[in-house]
Structures are given as C-alpha cells and as structure tokens.
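Understanding the architecture of this molecule
Given next are the chains, with one letter for each unit.
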Amino acid sequence: MNKNHRGNRTVLISGGSVAGPALAYWLHRHGFTPTIVERAPELRDGGYAVDFRGEALDVLDRMGLLAEIRALDTEMDDAAMVDAEGRQYATLPAVIFAGDLEVLKGDLTRKLYEATRQDVEYVFGDSIATLEQDADGVLVTFEHGAPPRRFDLVVGADGLHSRTRALAFGPEEEFVRHLGIYTGIFNLDNYLGLRNTGRLYAAPGKAANIFTARDNTEARAAFHFAADNLEYDRRDPAAQKRIIADRFATDGWEVPRLLEEMEAATEFFFDSNAQVEMDTWSAGRVVLLGDAGYCAGPTSGRGTSQALIGAYLLAGELAARGGDHTAAFAAYEHQMRPYVAEHQALGREGAERFFMPAPTQEILDTLAANAPENVRTEPVRLRDYTPSAAA
Ligand SMILES: Cc1cc2nc3c(=O)[nH]c(=O)nc-3n(C[C@H](O)[C@H](O)[C@H](O)COP(=O)(O)OP(=O)(O)OC[C@H]3O[C@@H](n4cnc5c(N)ncnc54)[C@H](O)[C@@H]3O)c2cc1C
C-alpha cells in the first residue's frame, strides 16, 4: 500500500455473498486488512443461477478464478415455453437467460470464499448492531457474540435489505423501489428428466419455470407473480409459500406438482424484485457495494457483474489513493454511476416486459439477436491497480 495513506487499513465488510468476498480479495491483495461479518451461520450452497456479462469475466480472470468458474457453468441450452397443457409454443434462446456464463450463486460464493479464507477473517452468524463514526474510525457493535471493535472503514455489501444502509443512511423505504414482481425459488429433483434446459410456463401476471442444475442431477424451480407491495414476514418461509400457493392454486402445466415440491424443498428464497436508488453511496467512513447500494433487480441480469466490478474498483481506488477514503469513495462512485444507471434501466425494461403475453418466436429471436448489444457498448474501464502496475 502507498506509504502516505491516512492510516486506513482495517475494513469491516458486512455480507459474505458475492460483493463482500470479492472486495476482501482485492483489499487483501492491496495490503489492507479486511474482516467479513456474514449473518448466515455458514456458507450457503446452491441457490439460484446467476450469470456474468462483459467485464465481470475480466475481473474473474484478474482474480485467477475464471477457469474454475467456467468449470461450474450450467451450460444451458435453449428452453421450451409451454402452455397450460404442456404444449411447446416457442423456444427461449439461452443467450437471453444465461448470459456469457451462468453458475449457481452458492457455487460462486464458495469459490470466492475458498480464494479468500486463508487471508481474510470471516465471522459467520453475526450482524452489525450499531455503527458510531468519529474522525479516526468506526466503532462497531454486533448482534450476537462478537465483541465491539473499531475499524477504519465499513463496507455494506449486505444486499437489497442492507442493515449497513439502514444504520448509516436511513430506512429501507427511502431507497428500495419495488418493480412489481415477486419471486420464489426452490430446489427439487430433476423429476422431468431434462438435460441442460428448462421449461417455462406463463399466464396473465404469472410465470413458473423449472431448470436443471448440477449436471442435471438437480433442478431449480421458480414462481413469479405481479403484485404491488405485499405485507408479509420476511423471516417466515411457510407464510411466503402460502402466498405463492394461493396465487397459483388454479394453474395448469406442472404447477400443482411444483407447488408440492416447493413444500418439501430444502432451500427456498422469496423476495420482491426491486432496485436501490441512492443519491450517494457513502457517508463518512461507511460505503455501500453491490445490491446494498445500487441493486438493478434480477430482471437486469447484471447484479453479479455489478458486485464484482464494484468490488474491483472500490478496492483499487482505496489502494491508488493511499487509503484516502473520501477521495476513493468519490472516484469509485464516479466510475460506477453510469454503468449502474444503464443496468437499472435494463432492469426496469425487463420488469415491464416480464409478463408479456405468450411472446412469438419472432419476438424472442429479436431479443436474442439484440442480447449482445444489451451488454454495455461503452464498458466500464478496469484500470490496473495492482502494486506491480503502480510501481
Ligand atoms: C431470483 C434472482 C435471480 C437473479 N439472477 C441474476 C442473474 O442471472 N445474473 C445476475 O447478474 N444477477 C442475478 N441476480 C442478482 C444477484 O443475485 C445479485 O445482484 C448479487 O448476488 C448481488 O451480490 P451482493 O453480494 O451485493 O448481495 P447478495 O448476494 O444479496 O449478498 C448479501 C449478503 O449479505 C448477507 N447479509 C444480509 N444482511 C446481513 C447483515 N445484517 N449482516 C451480515 N450479513 C448480512 C446475506 O446473507 C448475503 O450473504 C438475481 C437475483 C435474484 C433474487
């Protein structure tokens, strides 16, 4: 690290999914001392599929992880769109839903964890309770067990419902914009015997699908439905499953079986599709990264890429500016803003056409043909921040 840094070395990162571990990787490489606090008691396996586009692959490459992540590719083929009787009426090209490379989110998190665990302190099963900033640092207390500690900087990489954001910037309602879609995702057996593909069913304001996972040994299924803000308990999966079961009670195709499978699932995720809009991503010594600061929504297909690129830029700017957090946070935000704005526009457009009534093959083929252009035409510039490059 640059010798004239202002003493900022220790960085607490809240969230150990994608953005958090990627940031820890780069901070360690630049000579900082990152600690990750993750609310979940242990690494989460599996999860839904996420894809990468454009420069995010470059970041993985610079981390030396691209080959390993490519080996986890779901290798999806085009998928069938089916009606209530299961008849195929169109084919959804894989380029629309699987990006340049698609992996299960839990597999990505595990790779990032493995790449950092030797050098980074991980605290699982805890969460920031309070943050108190002064001129020299941030005093942090934790909810469960971990003793209070001082850090030079705090990064909120704790996702759409970020606790760090709530503590440092204000309540969630001020920043989170619901896109009008709710999604439930769960794991199940590949009981249809599909091979690297999926089936998608749609009804007005509703959609359900099943895709294979892990070399066709498993599957993931999803229910999506249109709704304004719903009141429900975010910590009560049984209640969330009831919401879905009510919405899909009369649907055809494989929906009755999928509802049964959902009840038995060992992994279940339910949330609104939403974006995070903020005027600024930093407050003093606290800064936001990934979904916590600028979630573009699942319909953008860019959240993972944003998390990886944001991590690279934030760590790089802190290193390049000798730990001067004020200058580094401003430079990080300056570079990320246009990139995020574009993805948030994609996310809103994607949400608007999500429940498009039975799209024709022609429309789907046009979307597929345009997919490469939907990847930024003006890519974010990834400067080389590594110490050898700066020397
Ligand atoms: C259904 C769905 C499909 C998606 N598909 C795609 C896709 O195809 N392509 C794509 O690019 N993106 C996709 N995304 C978006 C992508 O998953 C996110 O953008 C990405 O995971 C953001 O990473 P993150 O690390 O910022 O946040 P997250 O992955 O949300 O991670 C936040 C982490 O913080 C932890 N945490 C939360 N609260 C606390 C707390 N109080 N204290 C400590 N830790 C806490 C959480 O347990 C979690 O580990 C999808 C999202 C969803 C919901």
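The text that follows walks through the structure, step by step, so that each part is easy to find.

Parameters and conventions
Residues numbered from 1 in each chain as written. Predicted model: local features only at pLDDT ≥ 70, side-chain atom pairs only at ≥ 80, totals over all residues. Heavy atoms only, no water. Helix = DSSP H or I, 4+ residues; strand = E, 2+ residues; numbered from the N terminus. Contact = heavy atoms within 4.5 Å. Areas by Shrake-Rupley, 256 points an atom, 1.4 Å probe, with all protein chains shown as cover. Lys, Arg positive; Asp, Glu negative; His and termini not counted. Charge placed at Lys NZ, Arg CZ, Asp CG, Glu CD. Salt bridge = Lys/Arg side-chain N within 4 Å of Asp/Glu carboxyl O. Buried < 20%, exposed > 50% of the residue type's maximum accessible area, 1.4 Å probe, protein only. Axes fitted to C-alpha atoms, helices over the stretch in contact; angles between N-to-C directions. Parallel < 35°, antiparallel > 145°, perpendicular 65-115°, else oblique. Left-handed = near helix turned anticlockwise from the far one by under 90°. Pairing = 2+ DSSP bridges. Patch = residues over 30% accessible without salt bridge, like charges linked within 9 Å, V, L, I, M, F, W, Y side chains within 5 Å.

**Concerning the overall build of the protein**
- What the protein contains, in helices and strands, is 13 helices and 18 strands.
- With the principal axes as the frame, the protein shows a C-alpha extent of 70 × 40 × 35 Å.
- Intrachain contacts of the protein at a sequence separation of at least 6 include 71% that bridge at least 24 residues.
- Roughly 17,200 Å² of accessible area belongs to the protein as shown, and the carbon and sulfur atoms make up 48% of that amount.
- Across the protein, the centroid of the 39 positively charged side chains sits 4 Å from that of the 59 negatively charged ones.

**A short note on the pattern of salt bridges**
- All chains considered together, the criterion is met by 18 salt bridges.
- A salt bridge links Glu143 to Arg163; the shortest N-O distance between them is 2.8 Å. Taken together, the positions of Glu143 in the loop between β9 (138-142) and β10 (149-151) and Arg163 in helix α6 (residues 163-168) put the pair 20 residues apart, joining distant regions of the chain.
- Since its relative accessible area comes to 39%, Glu143 is described here as partly exposed.
- The partner of Arg321 in a salt bridge is Glu317, and the shortest N-O contact between them spans 2.7 Å.
- A network of salt bridges, in which partner residues are shared, links Asp107, Arg214, Glu218 and Arg220.

**Let's talk about helix α2 (residues 55-62)**
- Within α2, the full set of buried residues consists of Glu55, Ala56, Leu57, Val59 and Leu60.
- Buried residues along α2 sit in contact with α1 (19-29), β3 (49-52), α3 (66-70), β6 (101-104), α10 (303-320) and α11 (325-352).
- The positive-phi residue at the C-terminal boundary of α2 is Gly64, with phi of around 75°.

**Some points on the packing of α10 against α11**
- At a closest axis distance of 8 Å, the pairing of α10 and α11 adopts a crossing angle of 155°. In terms of axis orientation, α10 runs roughly antiparallel to α11. As for the relative orientation of α10 and α11, their crossing is right-handed in sense. Across the interface between the two elements, Ser305, Gln306, Ile309, Gly310, Leu313, Leu314, Glu317 and Leu318 from α10 touch His325, Ala328, Phe329, Ala331, Tyr332, Gln335, Met336, Tyr339, Val340 and His343 from α11.

**Side note on the sheet that holds strand β13 (residues 198-203)**
- Reading across from one edge, β5-β4-β13-β14-β15-β12-β16 is the order of the 7 strands in this open sheet, with mixed pairing throughout. Whereas interior strands pair on both sides, the edge strands pair on one side only; in this sheet they are β5 (88-92) and β16 (268-276). For this sheet, the mean inter-axis angle between neighbouring strands, taken without regard to orientation, is 25°.
- As defined by bridge partners, β13 adjoins strand β14 (residues 206-213) across 6 bridges and the pair is classed as antiparallel. Across the sheet, the residue bridging to Ala202 is Ala207, located in β14.
- Where helix α7 (residues 237-247) meets the sheet, its contacts fall on β12 (176-188), β14, β15 (218-226) and β16, and the angle it forms with β16 comes to roughly 80°.

**Notes on a positive patch on the surface**
- A surface patch of positive charge is lined by Arg39, Arg44, Arg234 and Arg235.
- The topology assignment puts Arg39 in the loop between β2 (33-38) and β3.
- Arg39 sits in the exposed class, given a relative accessible area of 61%.

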